[in-house]
Amino acid sequence: MTQEGRRTGRDETQEERADRMWGELIQEVRVAQTGVQILFGFLLTVVFQPKYATLAPTDQLIYIVTVVLGACATGALIGPVSLHRLVSGRRVKPQAVRIASRLTFVGLVLLLATMTSSLLLILRVATHNGYVPYLVTAVVVWYLVCWYGLPLWARRRHTGRSDD
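Residues numbered from 1 in each chain as written. Predicted model: local features only at pLDDT ≥ 70, side-chain atom pairs only at ≥ 80, totals over all residues. Heavy atoms only, no water.

Section: the overall build of the protein chain
Helices and strands together make up the secondary structure of the protein chain, namely four helices and two strands. If you list the helices and strands of the protein chain from N to C, you get β-β-α-α-α-α. Against the compact-globule benchmark of 15 Å for 164 residues, the protein chain has a radius of gyration of 21 Å, which places it well outside the compact range. Expressed as a percentage of its 164 residues, the buried residues of the protein chain come to 27%. Partitioning the intrachain contacts of the protein chain with sequence separation of at least 6 by distance along the chain shows that 71% fall at a separation of at least 24. (Helix = DSSP H or I, 4+ residues; strand = E, 2+ residues; numbered from the N terminus. Rg over C-alpha atoms; globule rule 2.2 N^0.38 Å. Buried < 20%, exposed > 50% of the residue type's maximum accessible area, 1.4 Å probe, protein only. Contact = heavy atoms within 4.5 Å.)

Things to note about the nonpolar core
Core analysis: the biggest nonpolar cluster contains nine residues, these being A18, W22, L25, I26, V29, L83, A96, V97 and A100. When residues in this core are grouped by element, the largest group, five residues, is from helix α1 (residues 14–46). Other than its neighbours up to four places away in sequence, A96 contacts W22, L83 and V87. With eight residues, the next largest nonpolar core counts L43, Y52, L55 and I62 among its residues. (Core = buried A, V, L, I, M, F, W, Y, C linked by side-chain atoms within 4.5 Å.)

Describing helix α3 (residues 93–127)
Helix length check: α3, at 35 residues, gives a terminal C-alpha distance of 49 Å against a target of 51 Å (1.5 Å per residue), a fit within 8%. Following α3 by one or two positions, H128 adopts a phi angle in the positive range, close to 55°. (Expected span 1.5 Å × (residues − 1).)

A look at the side chain of T114
Looking at the secondary structure, you find T114 in helix α3. Of the residues examined, T114 reaches a relative accessible area of 1% and is grouped as buried. A distance of 3.2 Å separates a polar atom in the side chain of T114 from the backbone oxygen of L69. In contact with T114, other than residues within four places in its own chain, are L39, L43, T66, L69, G70 and A73. (Polar contact = N/O pair within 3.5 Å; in protein donor to acceptor, adjacent residues only side chain to side chain.)

Some details on the packing of α1 against helix α2 (residues 57–87)
For any two helices packed against each other, the geometry is given by the interaxial angle and the distance between the axes. Between α1 and α2, whose axes approach to 9 Å, the crossing angle comes to 150°. In terms of orientation, α1 and α2 fall into the roughly antiparallel class. The handedness of the crossing between α1 and α2 is left-handed. In this structure, α1 contributes W22, V29, A32, Q33, V36, Q37, F40, L43, L44 and V46 to the contact, and α2 contributes Y63, T66, V67, G70, A71, A73, T74, L77, I78, P80, V81 and H84. Residue composition of the contact of α1 with α2, by class: 16 nonpolar, six polar and no charged. (Axes fitted to C-alpha atoms, helices over the stretch in contact; angles between N-to-C directions. Parallel < 35°, antiparallel > 145°, perpendicular 65-115°, else oblique. Left-handed = near helix turned anticlockwise from the far one by under 90°. Nonpolar A, V, L, I, M, F, W, Y, C, P; charged D, E, K, R; others polar.)

Digging into the pattern of salt bridges
Considering all chains together, one arrives at four salt bridges under this definition. Between E12 and R20 there is a salt bridge, with its nearest N and O atoms 2.8 Å apart. What makes R20 partly exposed here is its relative accessible area of 22%. Note that K93 and D19 form a salt bridge whose closest N and O atoms lie 2.9 Å from each other. With K93 in helix α3 and D19 in helix α1, this pair connects stretches of sequence that are 74 residues apart. Taking the relative accessible area as the measure of exposure, K93 reaches 27% and is therefore partly exposed. Classification of D19 as partly exposed rests on a relative accessible area of 43%. (Salt bridge = Lys/Arg side-chain N within 4 Å of Asp/Glu carboxyl O.)

Here's the deal with the packing of aromatic side chains
Scanning all chains against the criterion turns up four aromatic pairs. Ring geometry for Y52 against Y63: centres 5.3 Å apart, planes inclined by 65°, an arrangement best described as edge-to-face. On the criterion of sequence distance, the pair formed by Y52 in the loop between α1 and α2 and Y63 in helix α2 is long-range, its members being 11 residues apart. The class for Y52 is buried, based on a relative accessible area of 15%. Ring geometry for Y143 and W147: centres 5.3 Å apart, planes at 15°, overall stacked. Taken together, the residues span about one helical turn, with Y143 and W147 both in helix α4 (residues 132–158) at a distance of four residues. Each residue in the set F105, Y143, W147 and Y148 is aromatic and connected to the rest through ring pairs, giving one cluster. (Phe/Tyr/Trp six-rings, centres within 6.5 Å; stacked < 30°, edge-to-face > 60°.)

Pasting the structure below:
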């Protein structure tokens, strides 16, 4: 694990690495779970508001799509917890970490779609202006930069680089 006398990585077993990665993943999922659960909870109340019946059919369709996306995002982001509980003690943690990581990524993509459609619906109802698609697009670009662009840039720039 050394290169020219310097440490180049962690000295951990596959199980230790899986334990560490699991802990990190669960911390990340907690943040996303909270956000998606709050958003989903608010979405569930909209249909029971008197104004819902007066929404245009297009806005009602956007709402339905948003609720379904929110439900799917919630499922994907809670999935790693259930996965861990069902496979705990079965000596499959490295595989469970990989599956949970993929499920979390899917959940984040679904959360992005949920937030996008929520923003679209809210701005359509609140403003009725033609600039709404441009504003939503700008926010989505911002999400993409923050959630994917910067992390991928950092991974590419700093992976495999020696810290001299």
